Amino acid sequence: MPDGKDDGDVGLDQILAKVADDHPDRVEGWIRNEPGHWGFFAGQAVLAVRQLIGRRLEEPERRFVWHRMWQVLQHRRAESMGIIRE
């Protein structure tokens, strides 16, 4: 793929985007740096992936999911600031 992502990365990003889409109020709280919002998203991201793959994630997998969730939220922050447009 031209942007350096493989199909698995794109699929993961779609799952994590849905986590954010399902909780717009939490996204807004995260953007405002309110306590507890990152922990909420870290947990929801791991649960969503765990449900998809049917097993617990190993530590490196969890860290990767957290990293990608952070990127999704950073993208949402940039959109909210008008830095990027979808």
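Rules behind the numbers
Residues numbered from 1 in each chain as written. Predicted model: local features only at pLDDT ≥ 70, side-chain atom pairs only at ≥ 80, totals over all residues. Heavy atoms only, no water. Helix = DSSP H or I, 4+ residues; strand = E, 2+ residues; numbered from the N terminus. Contact = heavy atoms within 4.5 Å. pLDDT = per-residue confidence, 0-100. Expected span 1.5 Å × (residues − 1). Buried < 20%, exposed > 50% of the residue type's maximum accessible area, 1.4 Å probe, protein only. Phe/Tyr/Trp six-rings, centres within 6.5 Å; stacked < 30°, edge-to-face > 60°. Lys NZ or Arg CZ within 6 Å of the ring centre and 35° of its normal. Polar contact = N/O pair within 3.5 Å; in protein donor to acceptor, adjacent residues only side chain to side chain.

Our focus in this paragraph is the overall build of the chain. What the chain contains, in helices and strands, is four helices and zero strands. If you list the helices and strands of the chain from N to C, you get α-α-α-α. Across the chain, contacts joining residues at least 24 apart in sequence account for 56% of those joining residues at least 6 apart.

Here Glu28 lies in helix α2 (residues 24–31). Counting along the chain gives 52 residues from Glu28 to Ser80, while the straight-line C-alpha distance between them is 9.1 Å.

Put simply, the chain has an average pLDDT of 90, and 86% of its residues get 70 or more. Put simply, helix α1 (residues 7–21) is where the chain has its lowest mean pLDDT, 85, and α2 is where it has its highest, 97.

A rise of 1.5 Å per residue sets the reference length of helix α3 (residues 37–53), with its 17 residues, at 24 Å; its end C-alpha atoms lie 25 Å apart and thus fit the reference within 8%. Considered for burial, the residues of α3 that qualify are His37, Phe40, Phe41, Ala42, Ala45, Val46 and Val49. In the stretch just after α3, Gly54 is the one whose phi turns positive, near 75 degrees.

Two aromatic rings are characterised by how far apart their centres lie and by the angle between their planes. Going through the model one piece at a time under the given rule, you end up with three aromatic pairs. On the numbers, 5.2 Å between centres and 85 degrees between planes, the contact of Trp30 with Trp70 is edge-to-face. Of this pair, Trp30 sits in helix α2 while Trp70 is found in helix α4 (residues 59–80), placing the two residues 40 residues apart along the sequence. The class for Trp30 is buried, based on a relative accessible area of 4%. Put simply, the rings of Trp30, Trp38 and Trp70 touch in pairs and so form one group of aromatic residues. Its guanidinium or amino end placed over the ring of Phe40, Arg26 lies 4.1 Å from that ring's centre, counting from NZ or CZ. Positioned over the ring face of Trp30 is Arg77, at 4.0 Å from the centre of the ring.

Before going further, it helps to spend a moment on the side chain of His37. For His37, the location among the structural elements is in helix α3. In terms of polar contacts, His37 uses its side chain to reach the backbone carbonyl oxygen of Glu34, at 3.2 Å. Excluding its chain neighbours within four sequence positions, the residues that come into contact with His37 are Arg26, Gly29 and Trp30.

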